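Listed below, chain by chain, are the residues.
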Amino acid sequence: MIRQADRESLRSFSTNDPFYTRILSLYESYGGGYDFVGFWVQETESKLTSAISRFEDKFSLYLTDESDLEEISSFLRFQGAGAVMSARGLSLDIKADRVIEGQVLRYNGECYNSELELYSPGIKPFYELLQSCASDIFIVPEYMTFLSDVTHRRNLGKCTILGTNIDGTLVSGLMTVSETSSAVILGAVATHPDFRRRGLSRELVRTLASQINARGREAYVFSASEANTRFYQNSGFAICAEFAEILGSLW
């Protein structure tokens, strides 16, 4: 049975799993009081076996060996999901226009302190940096949507932005996209095209991931390309799981 989740049911999963981290962080950021988010758990034989979240039409799944995948597939089709993120290799009975596959990596590196002068930049200059790196693969959301979400999560301590500047201009930065008390997911790593091949992104990633570990939390990243995976591996991360993101209308 799939039912709406509350704080108690969502927090009953005692795990640092990266897919669960995405769901719990979203709940702790927005709860159930907004139309654009939704949260559910699946209960099988009186045991909670799955957690599901929705942000607009994008769904994230945390599944276990006891999850009822047939019921979850029917639920996603009924909800008209536009995208579904889950562990790779699951037999979900859903069809879509495209599937993006990649790796989940966890930081296993040593404690690292960068020699760069790092700081927490404002949202607008960070957004402008992301725009300078936009491509067919790296799609930057509309500014007001980005501003509203990041401001909200930052105020709650659920989003960290770290950057470095040259001559007063932000040239490299990254942010966390999900944070809980036990795990953090990094994302949106960007260096302005004019300042690449200087190791700036690697310095930022290693420094922030090391700080996260020092506070007793796991640091994860999701990578959908071989080049990005190599970058993170060279920055102290190791592959710990694989993911699949199914895109398109699932009706």
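One can find the structure itself at the top, above this paragraph.
Below is a summary of the structure that appears in this document. (Residues numbered from 1 in each chain as written. Predicted model: local features only at pLDDT ≥ 70, side-chain atom pairs only at ≥ 80, totals over all residues. Heavy atoms only, no water.)

**Things to note about the overall build of the protein chain**
Right, so step 1: Of regular secondary structure, the protein chain possesses seven helices and 12 strands.
Right, so step 2: A compact globule built from 251 residues would reach a C-alpha radius of gyration of about 18 Å, and the protein chain, at 18 Å, matches this within 12%.
Right, so step 3: Referenced to the eigenvectors of the C-alpha coordinate spread, the extents of the protein chain come out at roughly 60 × 35 × 35 Å.
Right, so step 4: Evaluated residue by residue, the protein chain yields a buried proportion of 47% over its 251 residues.
Right, so step 5: A separation of at least 24 residues holds for 66% of the contacts in the protein chain among residues at least 6 apart in sequence.
Right, so step 6: If you sum the accessible surface of the protein chain, you get close to 12900 Å²; carbon and sulfur atoms cover 45% of it.
Right, so step 7: For the protein chain, the separation between the mean place of its 24 positive charges and that of its 32 negative charges on side chains is 4 Å. (Helix = DSSP H or I, 4+ residues; strand = E, 2+ residues; numbered from the N terminus. Rg over C-alpha atoms; globule rule 2.2 N^0.38 Å. Buried < 20%, exposed > 50% of the residue type's maximum accessible area, 1.4 Å probe, protein only. Contact = heavy atoms within 4.5 Å. Areas by Shrake-Rupley, 256 points an atom, 1.4 Å probe, with all protein chains shown as cover. Lys, Arg positive; Asp, Glu negative; His and termini not counted. Charge placed at Lys NZ, Arg CZ, Asp CG, Glu CD.)

**Side note on the packing of aromatic side chains**
Right, so step 1: Per the stated rule, a full pass over the model turns up 19 aromatic pairs.
Right, so step 2: Ring centres of Phe 13 and Tyr 62 lie 5.4 Å apart, and the angle between their planes is 85 degrees; this geometry places the pair in the edge-to-face category. Separated by 49 residues along the polypeptide, Phe 13 in the loop between helix H1 (7–11) and helix H2 (18–30) and Tyr 62 in strand S4 (residues 58–63) bring together distant segments of the chain. In this pair, the class of Phe 13 matches that of Tyr 62, namely buried.
Right, so step 3: Consider the rings of Tyr 30 and Tyr 34, whose centres lie 5.3 Å apart with planes at 90 degrees: the pair is edge-to-face.
Right, so step 4: Chaining the aromatic ring pairs together yields one cluster made of Tyr 30, Tyr 34, Phe 36 and Phe 55.
Right, so step 5: Note that Arg 22 overlies the ring of Phe 222, its terminal NZ or CZ placed 5.5 Å from the centroid.
Right, so step 6: Between the NZ or CZ atom of Arg 206 and the centre of the ring of Tyr 112, over which it lies, the distance is 3.8 Å. (Phe/Tyr/Trp six-rings, centres within 6.5 Å; stacked < 30°, edge-to-face > 60°. Lys NZ or Arg CZ within 6 Å of the ring centre and 35° of its normal.)

**Things to note about the nonpolar core**
Right, so step 1: Counting 17 residues, the largest nonpolar core has Leu 174, Leu 186, Val 205, Tyr 232 and Phe 237 as its most contacted members.
Right, so step 2: Elements that contribute at least two residues to this core include exactly strand S6 (98–107), strand S10 (183–191), helix H6 (200–214), strand S11 (218–223) and helix H7 (226–233).
Right, so step 3: For this core, the element with the most residues is H6, which contributes five residues.
Right, so step 4: If sequence neighbours within four positions are ignored, Phe 237 has contacts with Leu 105, Arg 106, Tyr 107, Asn 108, Val 205, Ala 209, Ala 219, Tyr 220, Val 221 and Tyr 232. (Core = buried A, V, L, I, M, F, W, Y, C linked by side-chain atoms within 4.5 Å.)

**Digging into unusual backbone geometry**
Right, so step 1: Within the chain, Glu 56 stands out as a residue other than glycine whose phi angle is a positive 60 degrees.
Right, so step 2: Summarising the element assignment, Glu 56 is placed in the loop between strand S3 (47–55) and S4.
Right, so step 3: In this model, Arg 197 sits at a positive phi of 65 degrees, which is unusual for a non-glycine residue.
Right, so step 4: Looking at the element boundaries, Arg 197 is found in the loop between S10 and H6.

**Some points on the sheet that holds strand S7 (residues 118–119)**
The strands that make up a sheet pair up through hydrogen bonds in the backbone, lying either parallel or antiparallel.
Right, so step 1: The 12 strands are arranged S1-S2-S3-S4-S5-S12-S6-S11-S10-S9-S8-S7 in an open sheet whose pairing can be described as mixed. Because the sheet does not close on itself, it has two edges, and the strands there are strand S1 (2–4) and S7.
Right, so step 2: In this sheet, strand S2 (residues 37–44) lies alongside S1 in antiparallel orientation, the contact comprising three bridges. Along S2, the bridge assignment pairs Ile 2 with Gln 42.
Right, so step 3: The strands touched by helix H5 (residues 143–155) within the sheet are strand S8 (161–166) and strand S9 (169–179), with S9 carrying the most contacts at an inclination of about 65 degrees. (Pairing = 2+ DSSP bridges. Axes fitted to C-alpha atoms, helices over the stretch in contact; angles between N-to-C directions.)

**A few points about the pattern of salt bridges**
Right, so step 1: What the rule picks out here adds up to 11 salt bridges.
Right, so step 2: We note a salt bridge from Glu 28 to Lys 158, for which the minimum N-O separation is 2.5 Å. With Glu 28 in helix H2 and Lys 158 in the loop between H5 and S8, the pair connects residues that are 130 residues apart, well separated along the chain.
Right, so step 3: Exposure remark for Lys 158: the relative accessible area of 12% places this residue in the buried category. (Salt bridge = Lys/Arg side-chain N within 4 Å of Asp/Glu carboxyl O.)

**Considering the pairing of S10**
Right, so step 1: Counting buried positions along S10 yields seven of nine residues, so the element is predominantly enclosed.
Right, so step 2: In this structure, S9 lies alongside S10, joined through six bridges in antiparallel fashion. What sits directly across from Thr 176, in S10, is Leu 186.
Right, so step 3: Between S9 and S10, which pair antiparallel and follow one another directly, the connecting turn spans three residues.
Right, so step 4: As paired strands, S10 and S11 are joined by four bridges and run parallel to one another. Directly across from Val 184, in S11, lies its bridge partner Ala 219.
Right, so step 5: Where the polypeptide runs from S10 across H6 and back to S11, its parallel neighbour, the crossover connection is right-handed. (Right-handed = clockwise from strand over helix to strand, strands pointing away.)

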